[in-house]
Amino acid sequence: MKDIKYIFIDIDGVLYRGNHPIRGAREFIDYLIEQNIKFICVTNNSSKSPADYSRKLKNMNINIQENEIINSGVATVEFLKETYLKENYNLSAYVVGGDGLISLIQNAGIKIEEKNPDFVIVGWDIAFTYEKMKKASLAIQKGAIYMGTNPDLTYPSNEGILPGCGAILASITAASGVEPIIIGKPKTLIMEIATKRILAKKENSIMIGDRIDTDVLAGKNFGIQTALVLSGVVDTLEVSKSPIKPDYVFKDLMDLYINLKKSRKV
Ligand SMILES: [Mg+2]
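Residues numbered from 1 in each chain as written. Predicted model: local features only at pLDDT ≥ 70, side-chain atom pairs only at ≥ 80, totals over all residues. Heavy atoms only, no water.

In the nomenclature of an unreviewed UniProt entry, the protein corresponds to UMP phosphatase from the organism Candidatus Methanofastidiosum methylothiophilum.

Draft legend 1. Structural context of the environment of K245. Among the structural elements, K245 can be located in the loop between α10 (236-241) and β15 (248-250). Residue class for K245 comes out partly exposed when judged on its relative accessible area of 40%. A C-alpha to C-alpha distance of 13 Å links K245 and M207, two positions 38 residues apart in sequence. With sequence-adjacent residues up to four places away left out, K245 is seen in contact with V216, K220, T226, V239 and S240. A distance of 3.1 Å separates the side chain of K245 from the backbone oxygen of S240, its partner in a polar contact. Among the polar contacts listed, one links the side chain of K245 to the backbone oxygen of S242, at a separation of 2.7 Å. (Helix = DSSP H or I, 4+ residues; strand = E, 2+ residues; numbered from the N terminus. Buried < 20%, exposed > 50% of the residue type's maximum accessible area, 1.4 Å probe, protein only. Contact = heavy atoms within 4.5 Å. Polar contact = N/O pair within 3.5 Å; in protein donor to acceptor, adjacent residues only side chain to side chain.)

Draft legend 2. Fine view of the pattern of salt bridges. If you walk through the whole model with that rule in mind, you get ten salt bridges. Across the pair E82 and K196 runs a salt bridge, and its minimum N-O distance is 2.8 Å. Of the two residues, E82 is situated in helix α3 (residues 72-82) and K196 in helix α8 (residues 189-198); the sequence distance between them amounts to 114 residues. Overall, K196 belongs to the partly exposed group, its relative accessible area being 49%. E131 is paired through a salt bridge with K134; the nearest N and O atoms lie 3.6 Å apart. (Salt bridge = Lys/Arg side-chain N within 4 Å of Asp/Glu carboxyl O.)

Draft legend 3. Up close: the coordination of the magnesium ion. For the magnesium ion, the protein coordination sphere consists of D10 (OD), D12 (O) and D210 (OD), at 2.0 to 2.2 Å. Each donor residue of the magnesium ion belongs to the same chain, and together they define the spacing D-x1-D-x197-D. With D12 in the loop between β1 (6-9) and β2 (16-17) and D210 in the loop between β13 (205-209) and α9 (212-222), the pair connects residues that are 198 residues apart, well separated along the chain. Given the relative accessible area of 44%, D12 is considered partly exposed. Taking the relative accessible area as the measure of exposure, D210 reaches 3% and is therefore buried. (Donors = N, O, S within 2.8 Å, 3.2 Å for Na, K, Ca; no water.)

Draft legend 4. Up close: the domain arrangement of the protein. Considered domain by domain, the protein is made up of domain 1 (6-72 + 185-265) and domain 2 (83-182). Put simply, the middle of domain 1 and the middle of domain 2, counted by C-alpha atoms, are 26 Å apart. Regarding the contact of domain 1 and domain 2, the summed buried area is about 730 Å², with carbon and sulfur atoms giving 57% of it. Sorting the residues of domain 1 by area buried against domain 2 places N44, S72 and K187 first, and these three jointly supply 42% of that buried surface. At the junction of domain 1 and domain 2, the tally comes to zero salt bridges. For the interface between domain 1 and domain 2, the tally reads two residue pairs in polar contact (both at pLDDT 80 or more). By residue class, the composition of the side of domain 1 that touches domain 2 is two nonpolar, six polar and two charged. (Domains from an automatic or database assignment. Buried area = accessible area lost by both parts, 1.4 Å probe. Nonpolar A, V, L, I, M, F, W, Y, C, P; charged D, E, K, R; others polar.)

Structure representation (structure tokens):
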């Protein structure tokens, strides 16, 4: 790893799995803080707020603050603030998503409105219905800007593989004929928002994640170095089969941490 000064880190499968910290996560974060290497956690999962994530991580002795975490809901709202909200304070949105996403959007000063909204904003919604699909589709056909927090088609759970935000987006796209603007990985808008948060320079940045199709691809799309850790959903066989090759592959964060330390000594 060359000249790393800024690190983008996925959370699930990298720092912890379920309720268990992954080997090396605590040591790695402590090292980054001690060495003053800037980092930011970037997750597509917006069902937990940055405060929730920080609390969960700190309970595992992984010392990450709320402002060092960006989820796809937060990134969506920051994107709106930097674009449309800069010129117009009187905007409205129809939101398909959980209470967390709805309050983020309201707190940004966007009015929630079903009939003629400026935006249709879609996140993961466990209460998604035909009625919501209909309202979203009608608003989009009338010209509302269609946005999705993240493209993940599925979501692993104890029950099995469940529909994710991407599956909801696919149904609204099928109904309306319009493709959404997507914020989350592997798209780069979330990476741009995260970059601004830590004032990162691309040539000194690396993305660390446990998924090739989201994390590694997001890093590649954004033009930074990429490291895959095998502590999450991907194994070595999948890496060898994939056309997308990470720059580095490590067993877990402990393995990566040892290598990073060595590369900074020389
Ligand atoms: Mg992950």
